[in-house]
Amino acid sequence: MPRWEPDARQRLVSAALHLFSEQGYDATTVSEITQRAGLTKSTFFRHFPDKREVLAAGQETLSRLMTEGIAAAPEGATPLTAVAAGLERAAEAMTPFNRELGPRLSAVIATSAELRERDQLKHVGLAASMADALRARGVPDPAATLAAEMGMLAFKDAFAAWVKPDNEQELGALARAGLDRLQGALPELG
């Protein structure tokens, strides 16, 4: 086996999620993950500081894509239009690998209060990054924070719909539709 596997990160994530599903998060060791992936422990630790971080794999990339999309939105775009551009940019990067492992990831996270809390912190971090990107565009608070939170809610719901086996829609379209639904509900708040 070559020393540097080009798909090592994906193999580690896939192996970890399968093992977490089969025997539980707490019962799974890094050694078992690397053995299942056919890689070494040193390769694991080049990619992740610990097994918890496997569950947040790609968060930095997702945050970067969302903020790049917001920054690239046309000048004069409304905050929600800019957020939609960020969601669409992030959705374009999602692959069949993400779609395949999404339900498994959700199931693993649901088994542990610690993992659910960590997942919520991930969402808070993504929303904060989007709000910062909106502020950089000149959007004041609380509009920047509200638009970012709406974007995260739309993306979370869109991802859950996207990974369903019977879904035929693209993630970007689902995210945009979700954001439109949320925007349409705002007048109902009074």
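Fair warning: this is a prediction, and the values are worked out from it, not measured in the lab.

A.B. asks: Looking at this structure, how should I read the overall build of the protein?
C.D. replies: From N to C terminus, the protein includes nine helices and zero strands. Here the C-alpha atoms of the protein give a radius of gyration of 18 Å, agreeing with the 16 Å that 2.2 N^0.38 yields for 190 residues. When burial is assessed residue by residue, the protein has 40% of its 190 residues classed as buried. Put simply, of all contacts in the protein between residues at least 6 apart along the chain, 64% involve residues at least 24 apart. Of the roughly 10300 Å² of accessible surface on the protein, 55% is carried by carbon and sulfur atoms. Once the 21 positive and 25 negative side-chain charges of the protein are each reduced to a mean point, those two points are 5 Å apart.

A.B. asks: For this particular structure, what's the right way to read unusual backbone geometry?
C.D. replies: Most peptide bonds adopt trans geometry, and most residues besides glycine take a negative phi value. Going from Asp-141 to Pro-142, the amide bond is cis rather than trans, its omega being 10°. Mapped onto the elements, Pro-142 comes out in the loop between helix H7 (113-136) and helix H8 (143-162).

A.B. asks: I'm lost on the packing of aromatic side chains in this one. Help?
C.D. replies: Any pair of aromatic rings gets described here by the distance separating the centres and the angle formed by the planes. As enumerated under the stated definition, the model contains four aromatic pairs in all. Ring centres of Phe-20 and Tyr-25 lie 5.0 Å apart, and the angle between their planes is 65°; on these two criteria the pair is classed as edge-to-face. Relative accessible area serves as the criterion here: at 4%, Phe-20 is assigned to the buried category. With a centroid separation of 5.5 Å and 45° between ring planes, the pair formed by Phe-44 and Phe-48 is classed as tilted. The buried category is assigned to Phe-48, whose relative accessible area is 1%.

A.B. asks: In this structure, what is going on with the nonpolar core? I would like to understand it.
C.D. replies: Soluble globular proteins: nonpolar side chains tend toward being buried together. Membership of the largest hydrophobic core comes to 35 residues, with the highest contact counts inside it found for Met-66, Leu-87, Leu-134, Phe-155, Leu-171 and Leu-179. Of all elements in the fold, only helix H4 (59-72), helix H5 (79-92), H7, H8 and helix H9 (171-185) reach the threshold of two or more residues within this core. Top element by residues in this core is H8. It accounts for ten residues. In this structure Leu-171 touches Ala-91, Met-94, Phe-155, Ala-158, Phe-159 and Trp-162, once residues within four positions along its chain are discounted. In terms of nonpolar packing, the next biggest core, distinct from the first, is built from 22 residues, Ile-33, Phe-48, Val-54 and Val-108 among them.

A.B. asks: What is the right way to read the packing of helix H6 (residues 96-110) against H7 from this model?
C.D. replies: Helix-helix packing: each pair is described by the crossing angle between the helix axes and the interaxial distance. At a closest axis distance of 7 Å, the pairing of H6 and H7 adopts a crossing angle of 120°. Taken together, H6 and H7 sit at an angle that is classed as oblique. Each of Val-108, Ile-109 and Ala-110 in H6 lies in contact with H7, whose residues at this interface are Leu-115, Arg-116 and Asp-119. Of the residues in the contact of H6 with H7, the class split is four nonpolar, no polar and two charged.

A.B. asks: Just checking my understanding: could you explain the pattern of salt bridges for this structure?
C.D. replies: Two side chains with opposite charge may pair up if their charged atoms get near one another. Under the defined criterion, the tally for this structure stands at eleven salt bridges. Arg-118 is the partner of Glu-53 in a salt bridge, and the nearest nitrogen-oxygen pair spans 1.9 Å. Placement of Glu-53 in the loop between helix H3 (41-47) and H4 and of Arg-118 in helix H7 is noted, with a sequence separation of 65 residues between them. Since its relative accessible area comes to 23%, Glu-53 is described here as partly exposed. By relative accessible area, which is 27% here, Arg-118 ends up partly exposed.

A.B. asks: Which parts of the structure should I look at to understand H7?
C.D. replies: Counting along an α-helix, one turn takes 3.6 residues, and residues three or four places apart therefore face a common direction. If you check H7, its first and last C-alpha atoms are 35 Å apart, about what 24 residues at 1.5 Å a residue would give, namely 34 Å. Within H7 the residues assigned to the buried category are Leu-115, Asp-119, Lys-122, His-123, Leu-126, Ala-127, Met-130, Ala-131, Ala-133 and Leu-134. Measuring from the side-chain oxygen of the N-cap residue of H7 to the backbone nitrogen of Glu-114 gives 3.3 Å; that N-cap residue is Ser-112. Where H7 ends, the next residue or the one after it, Gly-138, has phi of about 95°, a positive value.

What counts and what doesn't
- Residues numbered from 1 in each chain as written.
- Predicted model: local features only at pLDDT ≥ 70, side-chain atom pairs only at ≥ 80, totals over all residues.
- Heavy atoms only, no water.
- Helix = DSSP H or I, 4+ residues; strand = E, 2+ residues; numbered from the N terminus.
- Rg over C-alpha atoms; globule rule 2.2 N^0.38 Å.
- Buried < 20%, exposed > 50% of the residue type's maximum accessible area, 1.4 Å probe, protein only.
- Contact = heavy atoms within 4.5 Å.
- Areas by Shrake-Rupley, 256 points an atom, 1.4 Å probe, with all protein chains shown as cover.
- Lys, Arg positive; Asp, Glu negative; His and termini not counted.
- Charge placed at Lys NZ, Arg CZ, Asp CG, Glu CD.
- Phe/Tyr/Trp six-rings, centres within 6.5 Å; stacked < 30°, edge-to-face > 60°.
- Core = buried A, V, L, I, M, F, W, Y, C linked by side-chain atoms within 4.5 Å.
- Axes fitted to C-alpha atoms, helices over the stretch in contact; angles between N-to-C directions.
- Parallel < 35°, antiparallel > 145°, perpendicular 65-115°, else oblique.
- Nonpolar A, V, L, I, M, F, W, Y, C, P; charged D, E, K, R; others polar.
- Salt bridge = Lys/Arg side-chain N within 4 Å of Asp/Glu carboxyl O.
- Expected span 1.5 Å × (residues − 1).
- Polar contact = N/O pair within 3.5 Å; in protein donor to acceptor, adjacent residues only side chain to side chain.

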